[in-house]
Structure formats: structure tokens, C-alpha cells
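Chain residues, written in single-letter form:
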Amino acid sequence: MSPVFLSVLAAGQGATLQDHGRHGWLRYGITAAGPMDPLAHATANRALGNPAGATALEIPLGGIELTAEGGPLGVALAGGAFRIALDGNLVPPGAALTLRPGESLTVRAGRAGAWLYLAVAGRIDVPAMLGSTATHTRSGFGGFRGRALQAGDRLPVANAQPGPGEVCTLVAPWLDRDPGEIRVVLGPQDDYFSQDQIAAFLERPWTVTAKGDRMACFLDGTPLTHAKGYNIVSDGIAMGAIQVPGEGWPIVLMADRQSTGGYPKIATVIGPDLGRLAQAQPGTRLRFAAVGVAQAVAARRAEAEALAGPIALDPLVRTDFPSEFLLGRNLVGGVVDGRA
Amino acid sequence: MRLLDAGEAALVVEFGTTVDPAISDRVLALDAALQADPPAGLRETVPTYRSLMVHYDPLVLDRAALAERVGALADRPAAARAAAATWTLPCCYDPVVAEDIGAVADLVRRSVAEVAALHAGGAYRLYMYGFAPGFAYLGGLPEALAVSRRATPRPPHPANAVMIGGGLAAVATFSMPTGWYVVGRTPMRLYRPGQDDPFPVGVGDVLRFEAVDADTFAALDRRAEAGEVVARKEA
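Residues numbered from 1 in each chain as written. Chains lettered and ligands numbered in written order. Predicted model: local features only at pLDDT ≥ 70, side-chain atom pairs only at ≥ 80, totals over all residues. Heavy atoms only, no water.

- You'll find chain B entered in an unreviewed UniProt entry as Allophanate hydrolase subunit 1, with Methylobacterium oryzihabitans given as the organism.

- Chain A appears in an unreviewed UniProt entry as Biotin-dependent carboxyltransferase from Methylobacterium oryzihabitans.

1. Some points on the packing of aromatic side chains
Then step 1. Applying the stated criterion across every chain yields a total of 17 aromatic pairs over all chains.
Then step 2. Where A:F201 meets A:F288, the ring centres are 4.9 Å apart and the plane angle is 15°; that geometry is what we call stacked. Here A:F201 is found in helix α2 (residues 195–203), whereas its partner A:F288 is found in strand β21 (residues 288–290), with 87 residues between them in sequence.
Then step 3. Overall, A:F201 belongs to the buried group, its relative accessible area being 0%.
Then step 4. By relative accessible area, A:F288 is classed as buried at 2%.
Then step 5. The interplanar angle of 70° and the centroid separation of 5.4 Å between the aromatic rings of B:Y124 and B:F209 together place this pair among those described as edge-to-face. With B:Y124 in strand β6 (residues 124–129) and B:F209 in strand β11 (residues 206–212), this residue pair connects regions lying 85 residues apart in the sequence. (Phe/Tyr/Trp six-rings, centres within 6.5 Å; stacked < 30°, edge-to-face > 60°. Helix = DSSP H or I, 4+ residues; strand = E, 2+ residues; numbered from the N terminus. Buried < 20%, exposed > 50% of the residue type's maximum accessible area, 1.4 Å probe, protein only.)

2. Concerning the nonpolar core
Then step 1. In terms of nonpolar packing, the biggest core is built from 49 residues, with A:F201, A:I242, A:V252, A:I266, A:V269 and A:F288 touching the most fellow members.
Then step 2. If you tally residues by element for this core, the top one is helix α1 (residues 38–47) of chain A, at five residues.
Then step 3. No fewer than three residues from each of domain 1 (4–172 + 311–339) and domain 2 (182–304) of chain A sit in this core.
Then step 4. When sequence neighbours within four positions are dropped, the list of residues in contact with A:V252 reads A:M215, A:A216, A:C217, A:L219, A:G240, A:A241, A:I242, A:V269, A:L277 and A:F288.
Then step 5. Counting residues in hydrophobic clusters, the runner-up holds 44 residues, among them A:I30, B:V104, B:Y129 and B:I164. (Core = buried A, V, L, I, M, F, W, Y, C linked by side-chain atoms within 4.5 Å. Domains from an automatic or database assignment. Contact = heavy atoms within 4.5 Å.)

3. Brief notes about the UniProt feature "domain: Carboxyltransferase" (unreviewed entry) in chain A
Then step 1. In the UniProt entry, the feature "domain: Carboxyltransferase" (unreviewed entry) is given for residues 27–307 of chain A.
Then step 2. Helix makes up 15% of residues 27–307 of chain A and strand 32%, and the two end C-alpha atoms of the span are 30 Å apart. (UniProt positions renumbered as here; feature names shortened; annotations may be inferred.)

4. Examining the interface of chain A and chain B
Then step 1. Tallying the contact residues gives 38 residues for chain A and 41 residues for chain B.
Then step 2. Carbon and sulfur atoms make up 61% of the area that chain A and chain B hide from each other, which totals about 3,100 Å².
Then step 3. Contact with chain B buries surface across chain A, with A:R27, A:Y28 and A:V233 losing the most and accounting together for 24% of the total.
Then step 4. Here chain A and chain B share four salt bridges between them.
Then step 5. For B:R50, the salt bridge is made with A:D235, and the minimal N-O distance between the two is 3.8 Å. (Buried area = accessible area lost by both parts, 1.4 Å probe. Salt bridge = Lys/Arg side-chain N within 4 Å of Asp/Glu carboxyl O.)

5. Looking at the pairing of strand β8 (residues 161–165) of chain B
Residues and elements named next belong to chain B.
Then step 1. Summarising burial for β8: five of the five residues are buried, a large majority.
Then step 2. Where burial is concerned, the two faces of β8 agree: the one with A161, M163 and G165 and the one with V162 and I164 are both buried.
Then step 3. In this sheet, strand β9 (residues 168–172) lies alongside β8 in antiparallel orientation, the contact comprising five bridges. Bridging across to β9, V162 finds its partner in V171.
Then step 4. Adjacent in sequence and paired antiparallel, β8 and β9 are bridged by two residues, among which G166 carries a positive phi angle near 60°.
Then step 5. Two strands pair when backbone bridges link them, and β8 and strand β10 (residues 181–185) are joined in this way by four bridges, in the antiparallel orientation. From the neighbouring strand, A161 faces β10, where its bridge partner is R185. (Pairing = 2+ DSSP bridges.)

6. Observations regarding the sheet that holds strand β13 (residues 206–208) of chain A
Where strands meet in a sheet, backbone hydrogen bonds hold them as pairs that are either parallel or antiparallel.
Residues and elements named next belong to chain A.
Then step 1. Spatial strand order, β20-β13-β14-β17-β16-β19-β12-β21: eight strands in an open sheet with mixed pairing. Here the strands that pair on one side only, and so sit at the sheet edges, are β20 (285–286) and β21.
Then step 2. Sheet analysis places strand β12 (residues 182–186) next to β21, joined by three bridges and oriented parallel. Bridging across to β21, R183 finds its partner in A289.
Then step 3. Against the sheet, helix α3 (residues 271–278) contacts β12, β14 (216–220), β17 (251–253), β19 (265–269) and β20, and its axis sits at roughly 130° relative to β12. (Axes fitted to C-alpha atoms, helices over the stretch in contact; angles between N-to-C directions.)

7. Observations concerning helix α5 (residues 214–225) of chain B
All names here are of chain B.
Then step 1. Taking 1.5 Å of rise per residue, twelve residues should cover 16 Å, and α5 covers 16 Å from first to last C-alpha, within 8% of that figure.
Then step 2. Among the residues making up α5, those that are buried are F217, L220, D221 and A224. Relative to the axis of α5, the buried residues are bounded by an arc of 110° and lie together on one face. Exposed and oriented more than 90 degrees from the buried face of α5 are D215 and R222.
Then step 3. Where α5 is buried, its residues contact β5 (86–92), β10 and β11.
Then step 4. The N-capping residue of α5, defined by a side-chain oxygen 3.2 Å from the backbone nitrogen of D215, is D213.
Then step 5. Backbone geometry just after α5 places G227 at a positive phi near 110°. (Expected span 1.5 Å × (residues − 1). Arc of directions from axis to C-beta. Polar contact = N/O pair within 3.5 Å; in protein donor to acceptor, adjacent residues only side chain to side chain.)

8. Focus on the side chain of B:D31
Then step 1. With respect to the helices and strands, the residue B:D31 is situated in helix α1 (residues 21–36).
Then step 2. Looking at B:D31, the relative accessible area reads 4%, which means it is buried.
Then step 3. There is a polar contact of 2.6 Å between the side chain of B:D31 and the side chain of A:R27.

9. Side note on the packing of α1(A) against helix α4 (residues 293–308) of chain A
Residues and elements named next belong to chain A.
Then step 1. Two numbers describe how α1 lies on α4: the axes approach to 10 Å, and their chain directions differ by 15°. It follows from the interaxial angle that α1 and α4 lie roughly parallel. When the axes of α1 and α4 are compared, the crossing they make is right-handed. From α1, L39, A42, T43 and R46 reach across to α4, where they touch E303, L307 and A308.
Then step 2. A class-by-class count of the residues in the contact of α1 with α4 yields four nonpolar, one polar and two charged. (Parallel < 35°, antiparallel > 145°, perpendicular 65-115°, else oblique. Left-handed = near helix turned anticlockwise from the far one by under 90°. Nonpolar A, V, L, I, M, F, W, Y, C, P; charged D, E, K, R; others polar.)

10. Thoughts on the environment of A:A294
Then step 1. Structurally, A:A294 can be placed in helix α4.
Then step 2. Through-space distance from the C-alpha of A:A294 to that of A:T284 is 28 Å; in sequence the pair is ten residues apart.

11. Side note on the sheet that holds strand β1 (residues 2–5) of chain B
Residues and elements named next belong to chain B.
Then step 1. One open sheet holds the four strands; their spatial order is β1-β2-β4-β3, and the pairing between them is antiparallel. Sheet topology places β1 and β3 (42–47) at the edges, where each strand pairs with a single neighbour. When the angles between neighbouring strand axes are averaged without regard to direction, this sheet yields 20°.
Then step 2. The sheet contact formed by β3 and strand β4 (residues 51–56) spans five bridges and is antiparallel. Within β4, the residue paired with L42 across the bridge is Y56.
Then step 3. Where α1 meets the sheet, it contacts β2 (10–14), β3 and β4, and its direction lies at approximately 160° from that of β3.

12. Overview of the pattern of salt bridges
Then step 1. The final tally for this structure, using the stated rule, is 27 salt bridges over all chains.
Then step 2. Between A:R123 and A:D125 there is a salt bridge whose closest N-O contact spans 3.2 Å.
Then step 3. Here A:D125 falls in the partly exposed class, since its relative accessible area comes to 38%.
Then step 4. Between B:D5 and B:R63 there is a salt bridge, with the nearest N and O atoms lying 2.9 Å from each other. Note that B:D5 is positioned in strand β1 and B:R63 in helix α2 (residues 63–74), a separation of 58 residues in sequence.
Then step 5. Taking the relative accessible area as the measure of exposure, B:D5 reaches 16% and is therefore buried.

Following this line, the structure appears as C-alpha cells:
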């Protein structure tokens, strides 16, 4: 059997390979990297029976165009409401399908969402580094040659399998997430802010700016002020930490964050809401809501339970639906729910 | 000691708010105790100057149980910490590679040779890694070399740069722009990709620097590139 490759025909900036992340090395300054939206990444993998943290493509707003070489390859897509087409035919953003040699799968930014994950039936065969294939481009670590994907890259897929014969939608209602409020646990340095500034942080709307990347989500709005300066002696940074530097605009530190930092962190986005925040397109207005650790853990448990079972694939009969149906995941989700 | 939540999956154990060897001792003692007997659900720990960040899986390890464990361990005397190793790193202070040593000499009104001797005379505690992969923050810089960081960053420094700034010293594994001053270069790699022990120098270890000339540096650098540990370790 000839080796199977997932080949990149064209790529916007910043498409990378990500697995569960490079954990256990923060003490040496090594950023974990890993997916910006861990829930969507895990869903794409689980839809094909892969381990939740297997290596998958993370595709940002710049999109990508792919084909298979050497044989048919099953793929699953989950994440933002991107515009996806297989040889020109629209595919819903939560889907599993078979990509055949000569076919082209195009992914473009859509009406919502900032990251789309593409998992493969098989294993993307790139070398692990410190136990992980996650790409950290600033360090040149992991992924495909330590960098973002480019046109001409051929990703070898070990144990490649075809996917479903027809395009299927993923039954993953947990991905139909309301942008709504982003839940946070206050701290670890909320004591660097007065009570009225904490209240302002929670009451004011914040707008996601276009400056964001895998390192951080930058927010615009009325700046916050500090009660006792904005320098702290460096300490650790968790994913989702919201640091407030001197100018007062909050910055949410994400997958490619530095391991330590010296600005006070007013709050930390809870794990289950990291993906929702990451998926907010520039211009999105959001608010933060403070919750306790127990509430955050309950949300985490619900997420883990949703992902624990197999993910059903529903065949999509194109002719049954008007084309606008294919453009929105909410509509897709509604129809799928109706059948369940 | 204060326990601060960094979300529902990380707990910051804060022993103080300053750079202080006594605080660092307590951080490292708790780190060693947790590493020696990690509770189920402990993911990783990150020692910094003044705090230990404990990442955990809250579906396995309950926050209250972790807090109790940390409380019990943190009360142990700091002397329980395993003896740190002392490393002697070759360091080339020749201005050909020590790109900013002349600028530092001007700032502190001493000769280049005096700056090199002062720096090589210090014993440095590796307080923490942070900022970038294999970027080691070192305390113990002689007072006479306590220059501020640059107002604006300089262009990328060479790999394995030995730097000073803001009253601290550092060894920076990867080349990048910096607000610090490059006063030397070591051939020793703090990060050795693909080796069984990719980070041989641990947090809490003591670093000394031994001056070598440019030719010796070049020879050692080739050996280090081939995978050799070119620093001396004393337990």
C-alpha cells in the first residue's frame, strides 16, 4: 500500500499541527502550546475514534486548501462556523468525510469562529518533541518542521483509513456554544485592583481586537486602573490568565503564552470557556462573569462527560436542504437535534 | 503562605512578593516535596522566585485536598530540600562574543577585564526558568554590576548568552531581542534536545562561571553542539 499524505495546496498564515500540548516542561520555560479550543480539537479527534489529544490541524481565519495523496483519507472537522467545501460542494463545519486523491478540501473563514480543527483517520506522523507534536512557532518547536503549514507541505499519515462514504454531520451539540458570558475565577492577583475596578471588569463590555494570536487575546474597552502598581515579581501563568499591564487593557493569555510573567492577573478564564473565548472573532463584544472554583469544576466535568461517549455521525443528504442550511451550524444543529 | 487560585486547575502557593533566597528556599522545598510524592491528579509544578504554581486535574484532585496537602508540606523546614548541585559553566567574556560588555564597563565605570572578573567571581542561584524556553533567571549578581535594563530592547542576542540587567543575571538559551546586556557567552546548552536529560541544570542549582578565551569557547561550543555537557557539576 502506498503511503498516504495530507497535502497542503494553499495555506493562510498560522495553520499548525497541535496535539494535547507539551505538558510537564513549564518549569524549564517551555510553553505547552496545544489547541486554542481544546473542546473542538478533541471533538474532531473523537469523531474518528482517535484519542482526544491526537495530532490535528488547527486552521485560523486565513484558511487552507488540502488534498489527499496515495489513497483516500477520512477527516473530521469541528470548531468555528467556517466555510468548507469539498470540490466546490459546501460541507457543514462539524463534519466527517473522505478526502480522495484529486479532490480539494477548502476551508475559509465563515460567519463565526476563529479556529477550525481537522483530524485525520490515522496518525499524522511527525516527530514528537518533549513528548508532544504541538507546534510552538516562536520557539520553532514541534509540528511540521517547527513552523506553520505552507503550500507544498505533505503530512505523512500512518495507518490511514477512509472516512464515511458520504459527508456526515457530527452530532456534537456541545459545540453549539452561545458566545454569551465568559466565566472567570477571580485572581490570582485580584488584590492588585480595588473593588470598584473588579466590579468594572465584570460589568463593562470588552471587545476582542484583531491583534490576537495563539499567544493572547487582546481586549479593548475602558481601561482598568491598578490599586498598587502593575509590576509584580514574576510568577507562573495558567492558560486563560487575564493580565492587566500598565495601560489597563486586559490581555487573556492563551495556548502559546509565556510560562511566567510580571503583570498582575485579575482573573482566570475557566477551562471550559477557553474555547468559546478563542473562537470570538475580532469585533466580538463579551462580558466576564465571576464563578467559584466548584462551579468551574462542575462545568469541566460536564464537558468531560459529553466527550466520553462515541460521537455519532449523521449522513447528510445534500438535496434535502437548501444551500443556506449549509452555511450555518446553528441550522445544522437544529436539524440534527430534530432527528435525534 | 497564601493560596491563590489561578482558575480551577492551578493553585499558586505564594511565600512572598519579593526576590529573596529565603523565600526561594521555601518554594523549592515545597516543589521537591510534591515531586517526591505527587498526589494523583498533580499535573506539573512551576517554581518561581516567590511562589509555586501547582497545575492539577480538578476532576481527579480536589482543591481542598490539594490545599491540605500543600499546607502540611509547606510547614516543613526549608532545610529538607535536597542539596542543590553546583555547576561551573565556561564563559567567554571576549567582546567579540560578549557584545555588550564594553557598554556595561562604561555604565559601571570599570574596565572590561574588571567587569568579567566581577561576573566570574559571583555564585548564582538559578531562581527560575521563564520568559522563553531555557531562559534561566539567576540571583547573586555582584552589587557593582547592578545596571538597569535597557530602555529599549537591543537586536537579537546570540544563543547561550550570559546576560545581566535589573540587578539580576541570566543565561538565555535561544536568540531573541532583549532588554538585558550580553556580558558573555557560554558553550553549555541548558536545553539539550533529544537527550535523556534535556534540562540538566535544575531550578535551585548554583551556577559559577569560569572565563575562557575565544578559541577555547569555539572548541567547547563545537563539542557542546555534538551533545557533550561542557559544564562541570559538583553535587
